[in-house]
Amino acid sequence: MDVSPNQGSNSSIRERLGLRPIINVAGTMTSLGASIIVPEAVAAMAEIASLFVEIDDLQRRASAVIAKATGAEAGFVTASSASGLVMSIAGAMTGAKLLAIERLPNDTADLHNEVIMQVGHLVNYGAGIDQAIRQCGAEVVFAGTISDTQRHHLDEAINERTAAAIYVVAHTTVQSGMLSLAESVEICHAKGVPVIVDAASEYDLRRFLGEGADIVVYSGHKFLGGPTSGIVAGRQDLVRAGYLQNMGIGRPMKVGKESIAGVMAALEAWDRRDHQGTRIREQVALNLWNDALSKLPGLEVRIIPDPTGNPLDRLEVAVGPASGFSAAGLVAVLAAGSPSIMVRGHHAERGVFYLDPCNLHQGEEYIVAEQITSLLRRTERPANAMQSPRKDAARILRWPD
Ligand SMILES: *Cc1c(COP(=O)(O)O)cnc(C)c1O
């Protein structure tokens, strides 16, 4: 197996820092360090690290790169998608009024200070998205229910205090019964309300602006393979108003020159990347897992497409009692192994987990197949093999111990 020293499961810095080796088959997770940063971004970050630049000019250049990649009028780089959302929402509230920007989040009485979202879009990406709205001093106005939003739910929620509507595109939202982006845009634009799209996990950099969104927020560190960052793209006046929040509530979310240069390089590399080659490598890993795991007792596997249509498949593994494991138990035992195998386990209560091939280093797909096979071929089972899914904050509450 060819795993070079600074890559994959044998990283030396992890050893020096006393961190466990991890194989990430969970997807792009903040809690695991997001994604593999592409070499072009690493080089740009290293090159700019010791230089002084005028940040507004660097962001001006970033705006042009973002505009070219997305079809937007303008854009800027933020510390994360979550900060991109906060700054965009705040911008929709204040416009370019500098005193209003300084007064957020408390003094919003004479601003548009309500933000509408469909209840089925109330996701948690590490924090609840409603907090990104409340952080700006705005009130969250929910439209519809978790099973259904009708046009009147959105339409009649709009009033003279409405600053914006948030539309979330993600596999974590409710996937049926919601208003489409096109319908939301139609209803909001008829009353002059901008639509801000959270597309943090989406590949398609043009689609949502094409469908009429006024602002789209992408992650720099998910599929793009940039450093930890976010990208705001859209209508120039709203982008400017969002950018001006750097003089207000955006200040604690500061993004540095290295991240701005890194994400610009990642965006430029995106066009030149061998997307077809990546997809083929991912298919090879999926087929390998599919073959290996389908031979194991109690496991039922199938390759399934990404729920929001990203060009990515995953292996769904249904864990039956004949395996001697529950899904939650197998997820936990794999995570506790050496190397630790982190699968996509947030549907364990449905008896399934997923293997995501998008962040593999060379050769790691074999280790994943071998670890799962050897666990299931063994006659003994660990004590927690049949554990039920359980939400437990005990570990984080003990941090840093
Ligand atoms: C990942 C994600 C976020 C958060 O992105 P960060 O860049 O980590 O802040 C927000 N919304 C959605 C839909 C996401 O998938």
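Residues numbered from 1 in each chain as written. Predicted model: local features only at pLDDT ≥ 70, side-chain atom pairs only at ≥ 80, totals over all residues. Heavy atoms only, no water.

This brings us to the layout of surface pockets. One number sums up the size of the second largest pocket: a volume of about 940 Å³. Lining the second largest pocket are 35 residues; nearest its centre among them are Arg273, Thr278, Arg281, Cys358 and Leu360. Where the lining of the second largest pocket is concerned, the elements lending two or more residues are helix H2 (39–48), helix H11 (257–272), helix H12 (275–294) and helix H14 (364–377). Residue classes in the lining of the second largest pocket are distributed as 15 nonpolar, eleven polar and nine charged. In this structure, the lining of the second largest pocket is formed jointly by two domains, domain 1 (11–34 + 274–377) and domain 2 (39–270), each of which donates at least three residues. (1 Å grid on protein atoms, 1.4 Å probe; cavity = no way out; pocket = protein on both sides within 12 Å on 5 of 7 lines; lining within 4 Å. Points joined across faces, edges and corners; volume = space filled by probe spheres on them. Helix = DSSP H or I, 4+ residues; strand = E, 2+ residues; numbered from the N terminus. Nonpolar A, V, L, I, M, F, W, Y, C, P; charged D, E, K, R; others polar. Domains from an automatic or database assignment.)

Examined at the domain level, the protein breaks down into domain 1 (11–34 + 274–377) and domain 2 (39–270). On a C-alpha basis, the centres of domain 1 and domain 2 stand 31 Å from each other. Every contact between the two is made by twelve residues of domain 1 and, on the other side, eleven residues of domain 2. Regarding the contact of domain 1 and domain 2, the summed buried area is about 1000 Å², with carbon and sulfur atoms giving 56% of it. Looking at the side of domain 1 facing domain 2, the largest losses of area belong to His275, Thr308 and Asn310, adding up to 42% of the total buried there. For the interface between domain 1 and domain 2, the tally reads zero salt bridges. Summed over the shared surface of domain 1 and domain 2, the number is five residue pairs in polar contact (both at pLDDT 80 or more). Residue composition of the side of domain 1 that touches domain 2, by class: five nonpolar, six polar and one charged. (Contact = heavy atoms within 4.5 Å. Buried area = accessible area lost by both parts, 1.4 Å probe. Salt bridge = Lys/Arg side-chain N within 4 Å of Asp/Glu carboxyl O. Polar contact = N/O pair within 3.5 Å; in protein donor to acceptor, adjacent residues only side chain to side chain.)

Time to look at the sheet that holds strand S12 (residues 352–355). Judged by pairing direction, the sheet is antiparallel, and its three strands sit side by side in the order S9-S10-S12 without closing on themselves. Because the sheet does not close on itself, it has two edges, and the strands there are strand S9 (299–305) and S12. Neighbour-to-neighbour, the strand axes of this sheet turn through a mean angle of 25 degrees, independent of strand direction. As paired elements, strand S10 (residues 313–319) and S12 share four bridges and run antiparallel to each other. Each bridged residue has a counterpart across the sheet, and for Leu315 the counterpart in S12 is Leu355. Across the face of the sheet, H12 comes into contact with S9, S10 and S12 while running at roughly 15 degrees to S10. (Pairing = 2+ DSSP bridges. Axes fitted to C-alpha atoms, helices over the stretch in contact; angles between N-to-C directions.)

Contacts to the ligand come from Thr30, Ser80, Ser81, Ala82, Tyr125, Ala170, Asp198, Ala200, Ser201, Ser219, His221 and Lys222. Here Ser201 contributes a side-chain N or O atom positioned 3.1 Å from an oxygen atom of the ligand. The side chain of Lys222 places a nitrogen or oxygen atom 2.8 Å from an oxygen atom of the ligand. Protein contact buries 89% of the 380 Å² of open area that the ligand shows by itself. (Near = heavy atom within 4 Å. Areas by Shrake-Rupley, 256 points an atom, 1.4 Å probe, with all protein chains shown as cover.)

Before going further, it helps to spend a moment on the pattern of salt bridges. Opposite charge on two side chains permits them to pair, given that their charged atoms come into close proximity. Evaluation of the coordinates by the stated rule reveals 17 salt bridges. For Asp237, the salt bridge is made with Arg235, and the minimal N-O distance between the two is 2.8 Å. The partly exposed category is assigned to Asp237, whose relative accessible area is 42%. The closest approach of N and O atoms between Arg390 and Asp392, which form a salt bridge, is 3.5 Å. With a relative accessible area of 48%, Asp392 lands in the partly exposed category. Look at the salt bridges and you will find they share partners, linking Asp306, Arg314, Arg344 and Asp356 into a network. (Buried < 20%, exposed > 50% of the residue type's maximum accessible area, 1.4 Å probe, protein only.)

With that out of the way, let us pick up the packing of aromatic side chains. Counted by the stated rule, this structure contains three aromatic pairs. On the numbers, 5.8 Å between centres and 45 degrees between planes, the contact of Tyr203 with Trp270 is tilted. In this pair, Tyr203 sits in the loop between strand S6 (195–198) and helix H9 (207–210) while Trp270 sits in helix H11, placing the two residues 67 residues apart along the sequence. Residue classification places Tyr203 among the buried residues on the basis of a relative accessible area of 15%. A residue is classified by how much of its surface remains accessible, and Trp270, at 12% relative accessible area, is buried. Cluster of aromatic residues (ring-pair linked, three or more members): Tyr203, Phe223 and Trp270. (Phe/Tyr/Trp six-rings, centres within 6.5 Å; stacked < 30°, edge-to-face > 60°.)

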